[in-house]
Amino acid sequence: MSQGARTRPEGSGQALSKAYDTALLDLDGVVYAGGNAIAHAVDSLATAREGGMHLAYVTNNALRTPDTVAEHLTELGIPTGADDVITSAQAVARLISEQVPAGSRVLVIGGEGLRVALRERGLEPVESADDDPVAVVQGFGGPDLPWGRFAEASYAVARGVPWFASNTDLTIPSGRGIAPGNGAAVEVVRIATGAEPQVAGKPLPPMHRETILRTGAKRPLVVGDRLDTDIEGAFNGEVDSLLVLTGVTDGAQLLAAPPQHRPTYVDADLRGMLTGQPEVTEAGEGFRCGGWTARAGAERLELDGDGEALDGLRALCAAAWTAAGDGVCELDGGKALARLGL
């Protein structure tokens, strides 16, 4: 196991909203799903804000503009200004602007969020590979994005035009379930061209840099539902993270997380921002949290006790991550998770 590999969720004697100055909150799967607020999100965010925590909303979804996102959050009962929203469209627009001359034409495959972000950086969005673009940028365009847009990107990329992607999330949560994300669309162009895009969004450094530049956060807490974007992005940025179980990550995926996907804290939903976090302590050959004790057996993760299900999950994470070290835990945790109803 390399030095610094996380082997258990951490505890906090303070409410997280007091221990950190800024919450960098993912949106889809954390604050809302399918446009509707997730249970407890509105009240939890209001309490955190009233207590002095700065709330910033950081999303890999490049479809909507910050103004549109802020209006949506405000309608849900979460008062938000456009300056509180950071998108992967903004991050990729900055990345492009650092590599091409001001005023350059950029072929846009995506929605209005990309066009607004490019104009903010002094770049000109265009719609065709025949408009002599100096770059191609691809972002989530929603379920109605025409198939022909992928062909337009492929024509330009095949001619050698540099290709950028806002993000490569393969899936996105919706009110009806999990839908294909921008990463799935990026794969279409990759298959057609054999090229590789420069990617700006979480978990990569351009998104973290954009977020810190726009928020000025000194002690941020990343709050997300995805291990491979939110939590890995926090790991890459060397900041703490809170995983909430309201989106795409389930208990089994959490137990199997490699070091870069292991969150600092785990909670059911955004109410976890308002409380301290319980300590996970060593107990003989295992780990204890609340009323639960977990250990890594010869072939499976073993769990004993009762109490809050999340305490059992935290203890299981400690057993799984210690057994895995720098790798992925391959011990069967199904029976233990079933006891927790996770």
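Rules of the game
- All residue numbers here refer to positions counted from 1 along the written sequence of the relevant chain.
- Confidence filtering applies because this is a predicted model: local features only for residues at pLDDT of at least 70, side-chain atom pairs given and counted only at 80 or more, and all residues used for totals across whole chains, interfaces and linings.
- With hydrogens and water excluded, all non-hydrogen atoms of the structure serve as input to the side-chain values.
- Take the buried Ala, Val, Leu, Ile, Met, Phe, Trp, Tyr and Cys residues and link them wherever side-chain atoms come within 4.5 Å; each set so joined is a nonpolar core.
- Residue exposure (1.4 Å probe, protein chains only): buried if accessible area is under 20% of the type maximum, exposed if over 50%, otherwise partly exposed.
- Helix and strand labels come from DSSP, where a helix needs a run of H or I of at least four residues and a strand needs a run of E of at least two; each type is numbered from the N terminus.
- The contact criterion used is simple: two residues touch if any of their non-hydrogen atoms lie within 4.5 Å.
- Each pair of strands is called paired provided DSSP finds at least two bridges between the two strands.
- Cysteine sulfur atoms are paired as a disulfide whenever they come within 2.5 Å of each other.
- Polar contacts, as used here, are pairs of N or O atoms within 3.5 Å; protein pairs need one atom able to donate a hydrogen and one able to accept it. Residues neighboring in sequence count only if both atoms are side-chain atoms.
- Computed over the protein atoms alone on a 1 Å grid, cavities are sets of points where a 1.4 Å probe fits but cannot get out and pockets are open sets with protein on both sides within 12 Å along at least five of seven lines; a residue lines them when it has an atom within 4 Å of a point.
- Grid points are joined across faces, edges and corners, and a volume is the space filled by probe spheres set on the points.
- Ten residues, namely Ala, Val, Leu, Ile, Met, Phe, Trp, Tyr, Cys and Pro, are considered nonpolar, four, namely Asp, Glu, Lys and Arg, are considered charged, and the remaining ones, Gly among them, are considered polar.
- Here, axes are lines fitted to C-alpha atoms. For helices the fit covers the stretch in contact, and angles between N-to-C directions go from 0 to 180 degrees.
- What sets the label is the angle itself: under 35 degrees gives roughly parallel, over 145 gives roughly antiparallel, 65 to 115 gives roughly perpendicular, and the rest give oblique.
- For this document, the term salt bridge refers to a Lys or Arg side-chain nitrogen within 4 Å of an Asp or Glu carboxyl oxygen.

Core analysis: the biggest nonpolar cluster contains 28 residues, and Leu 254, Leu 255, Leu 301, Leu 303, Leu 313 and Leu 316 have the highest contact counts within it. It is helix 11 (residues 309–324) that provides the largest number of residues to this core, a total of 10 residues. Residues within four places of Leu 254 in sequence aside, it is in contact with Leu 227, Leu 243, Thr 249, Pro 263, Val 266, Leu 313, Cys 317 and Trp 321. Within the second largest apolar cluster, 27 residues are counted, among which are Tyr 20, Ile 78, Val 244 and Tyr 265.

This part covers the pairing of strand 10 (residues 171–174). In the sheet, strand 10 pairs with strand 11 (residues 177–180) via four bridges, with the strands oriented antiparallel. What sits directly across from Pro 173, in strand 11, is Ile 178. Count of turn residues in the strand 10/strand 11 antiparallel hairpin: two residues.

This part takes up the state of the cysteines. Within this structure, the stated rule accounts for zero disulfides. Considering cysteine sulfurs only, Cys 329 is the nearest to Cys 317, which forms no disulfide, with 9.8 Å between them. You can call Cys 317 buried: its relative accessible area is 0%. Note on Cys 329: relative accessible area 12%, which makes it buried.

It is worth spelling out the side chain of Thr 22 at this point. Here Thr 22 lies in strand 1 (residues 22–25). You can call Thr 22 buried: its relative accessible area is 3%. At 3.3 Å, the side chain of Thr 22 and the side chain of Asp 21 are in polar contact. Apart from the residues lying within four places of it in its own chain, the contact partners of Thr 22 are Met 53, His 54, Ala 56, Ala 217, Arg 219, Pro 220 and Leu 221.

To continue, consider the layout of surface pockets. Considered as a void within the structure, the largest pocket measures approximately 500 Å³ in volume. Elements supplying a minimum of two residues to the lining of the largest pocket: strand 10, strand 11 and helix 7 (182–193). By residue class, the composition of the lining of the largest pocket is 12 nonpolar, 10 polar and two charged. One number sums up the size of the second largest pocket: a volume of about 170 Å³.

Interaxial distance between helix 4 (residues 88–97) and helix 8 (residues 205–215) falls to 9 Å at its minimum, and their mutual angle equals 105 degrees. As judged from the angle between their axes, helix 4 and helix 8 are roughly perpendicular. Judged by residue contacts, Ser 88, Gln 90, Ala 91, Arg 94 and Leu 95 of helix 4 engage Pro 206, Met 207, Arg 209, Glu 210, Leu 213 and Arg 214 from helix 8. Its residues assigned to classes, the contact of helix 4 with helix 8 shows five nonpolar, two polar and four charged.

On to the pattern of salt bridges, then. In total, this model carries 21 salt bridges according to the counting rule given. The salt bridge partner of Arg 105 is Glu 124, with a shortest N-O separation of 4.0 Å. Taken together, the positions of Arg 105 in strand 6 (residues 105–109) and Glu 124 in strand 7 (residues 124–126) put the pair 19 residues apart, joining distant regions of the chain. In this structure, the salt-bridge partner of Arg 314 is Asp 311, at a minimum N-O distance of 2.8 Å.

On to unusual backbone geometry, then. Residue Pro 203 follows Lys 202 across a cis peptide bond; omega there is 15 degrees. Within the secondary structure, Pro 203 sits in the loop between strand 12 (198–199) and helix 8. Located in the positive-phi region is Glu 238, a residue other than glycine, with phi close to 60 degrees. Within the fold, Glu 238 resides in the loop between helix 9 (227–237) and strand 14 (240–244).

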